[in-house]
Amino acid sequence: MTGFDCRWCGAPAPRPVLDLGEQPPCDRFPPVVDGGPDPCWPLRMGWCRECGLAQLLEDPGIPEQARGVEPAVLVQQAEEAVSLVAAEGWLPDRGGFLEFGSPHGGSWSLLLTHRGLTPTAPGSASDLVLDCFGMMHHPDQAAALRRRVGVLAEDGVLLVQFHSLAAILRADQWNALRHGHFAYYSTPALVSMLGELGVVARRAWRFDLYGGTVLLACTRRGTPDDSVRALLAEEAALGVGDPERLRALQEGVTRDAGSLRSWLAEGRALGRRVVGYGAGSRAVPLLCAAGIGPDLLPFVADASASKDGRRFPGSRVPIVSPSRLRSRRPDVVLVFLPELLPEARAALPWVEESGGRWVGVDRLPPWLPRQREGTRVAEVTRAGRNG
Ligand SMILES: [Zn+2]
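The present account deals with the structure reproduced in this document. (Residues numbered from 1 in each chain as written. Predicted model: local features only at pLDDT ≥ 70, side-chain atom pairs only at ≥ 80, totals over all residues. Heavy atoms only, no water.)

## Focus on the coordination of the zinc ion
So, step 1. Bound to the zinc ion are the protein donor atoms C6 (SG), C9 (SG), C48 (SG) and C51 (SG), situated 2.1 to 2.4 Å from the metal.
So, step 2. Written as a sequence motif, the donor residues of the zinc ion are C-x2-C-x38-C-x2-C.
So, step 3. Relative accessible area serves as the criterion here: at 35%, C9 is assigned to the partly exposed category. (Donors = N, O, S within 2.8 Å, 3.2 Å for Na, K, Ca; no water. Buried < 20%, exposed > 50% of the residue type's maximum accessible area, 1.4 Å probe, protein only.)

## Points about the side chain of S186
So, step 1. Position of S186 among the secondary structure elements: in the loop between β8 (183–184) and α5 (187–196).
So, step 2. Of note is the side chain of S186, whose polar atom sits 3.0 Å from the backbone nitrogen of A189.
So, step 3. Here S186 is in contact with F162, L165, E235 and V240, once residues within four sequence places are set aside. (Helix = DSSP H or I, 4+ residues; strand = E, 2+ residues; numbered from the N terminus. Polar contact = N/O pair within 3.5 Å; in protein donor to acceptor, adjacent residues only side chain to side chain. Contact = heavy atoms within 4.5 Å.)

## Thoughts on the packing of aromatic side chains
So, step 1. What the rule picks out here adds up to five aromatic pairs.
So, step 2. Between F133 and Y210, the aromatic rings sit 5.2 Å apart at their centres with planes inclined by 65 degrees, giving edge-to-face as the arrangement. One end of the pair, F133, is in the loop between β6 (126–132) and α3 (141–150); the other, Y210, is in the loop between β9 (200–207) and β10 (213–219), and 77 residues separate them in sequence.
So, step 3. Judged by its relative accessible area of 2%, F133 falls in the buried class.
So, step 4. A ring pair is formed by Y277 and W358, whose centres lie 5.7 Å apart and whose planes are at 85 degrees; its orientation type is edge-to-face. Taken as a pair, Y277 in strand β11 (residues 274–277) and W358 in strand β15 (residues 357–360) lie far apart in primary sequence, 81 residues in all.
So, step 5. The ring of F29 carries K307 above its face, with NZ or CZ at 4.7 Å from the centroid. (Phe/Tyr/Trp six-rings, centres within 6.5 Å; stacked < 30°, edge-to-face > 60°. Lys NZ or Arg CZ within 6 Å of the ring centre and 35° of its normal.)

## Let's talk about the state of the cysteines
So, step 1. Scanning all chains against the criterion turns up zero disulfides.
So, step 2. You can see C218 has no disulfide; the closest cysteine sulfur is in C132, sitting 12 Å from it. (Disulfide = S-S within 2.5 Å.)

## Focus on a positive patch on the surface
So, step 1. A surface patch of positive charge is lined by R273, R324, R328 and R329.
So, step 2. For R328, a relative accessible area of 33% gives the class partly exposed. (Patch = residues over 30% accessible without salt bridge, like charges linked within 9 Å, V, L, I, M, F, W, Y side chains within 5 Å. Areas by Shrake-Rupley, 256 points an atom, 1.4 Å probe, with all protein chains shown as cover. Salt bridge = Lys/Arg side-chain N within 4 Å of Asp/Glu carboxyl O. Lys, Arg positive; Asp, Glu negative; His and termini not counted. Charge placed at Lys NZ, Arg CZ, Asp CG, Glu CD.)

## Comments concerning the packing of α5 against helix α6 (residues 226–238)
In a packed pair of helices, the relevant descriptors are the angle between the two axes and the axis-to-axis distance.
So, step 1. Between α5 and α6, the least distance of the axes is 8 Å, while the angle of their chain directions is 130 degrees. With respect to α6, the element α5 is oriented oblique. In this structure, α5 contributes T187, P188 and V191 to the contact, and α6 contributes L231, L232 and E235.
So, step 2. Looking at the contact of α5 with α6, its residues break down into four nonpolar, one polar and one charged. (Axes fitted to C-alpha atoms, helices over the stretch in contact; angles between N-to-C directions. Parallel < 35°, antiparallel > 145°, perpendicular 65-115°, else oblique. Nonpolar A, V, L, I, M, F, W, Y, C, P; charged D, E, K, R; others polar.)

That's the geometry; what it means functionally is another story.
Right under this line is the structure:
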């Protein structure tokens, strides 16, 4: 028993499939002078056997903070998606649209306005209803989807974009689980949710964003095309509807947290100076799950001025400006957002000039005798994790 009802179908007790223990909200970085303790809440994913929706079990009720700056990758994806959707005739030529926004950014509003659509008032019927990463932020999934379908005009198009549960499984993205993200949609689960409200997913597009993002075009009539059918079959084969497959995410937590902790401990025993780079929210559950504090990682450098002088919640690792790397002369800079590695390396060449190495957290190399280390170069391939 979990004591919770499914956020979509109301069936009792979605089964826990992933448990990250007690975690602080991952987007709140307290000032470094705030000694804590930080409030923490259980962070667990459950899976409903009735409707197949993977969902957040507990939540502290603190809304996700809106991004100050829209990530360029989201802006680019929005442009690409609007072009694709328009080119295939899924965008109404004129009429009203309603966008359900997201704290992640990446609004389509301006793009749609440029194509001749006009915003409709909330509550009135819209020829185009759009939701990009918005709906997952709602605790009551049934109410949220009903609201979107409810404002869709009879011949309107509903566009829903989501980070797919299949991508989370495929790349072991266990740290996609976070407070404030209430639903983790597979295509089969979302298509059947839409179906219950009389809406048909007709066309599906896939994007690399977050390691796997799906956009569905839906209408009140019609049938799914091959792109939808193929995606349904592919995700089912991957195991999005299999709780045992979902539980494999837990092994990823144990593996990633354990290997990071022992790697840092070994480095410290060898006298190596290791510091971090990239204070992203997805590093928060990793540091907490691994039980890492300033004793193993004295600081994490981050280019965002708004994080300078703050610290990680839970683990209390301080966050500093990248200039601190110079005086520290680290042996290794551990990059928590591996997709940042190329640009960080280019921006801070003196790390390597003074004998340091860049290492992606997803590719921890073995510790070698000191004289050989300068000959190795860290490679990073896995990227695109959420958040
Ligand atoms: Zn359910």
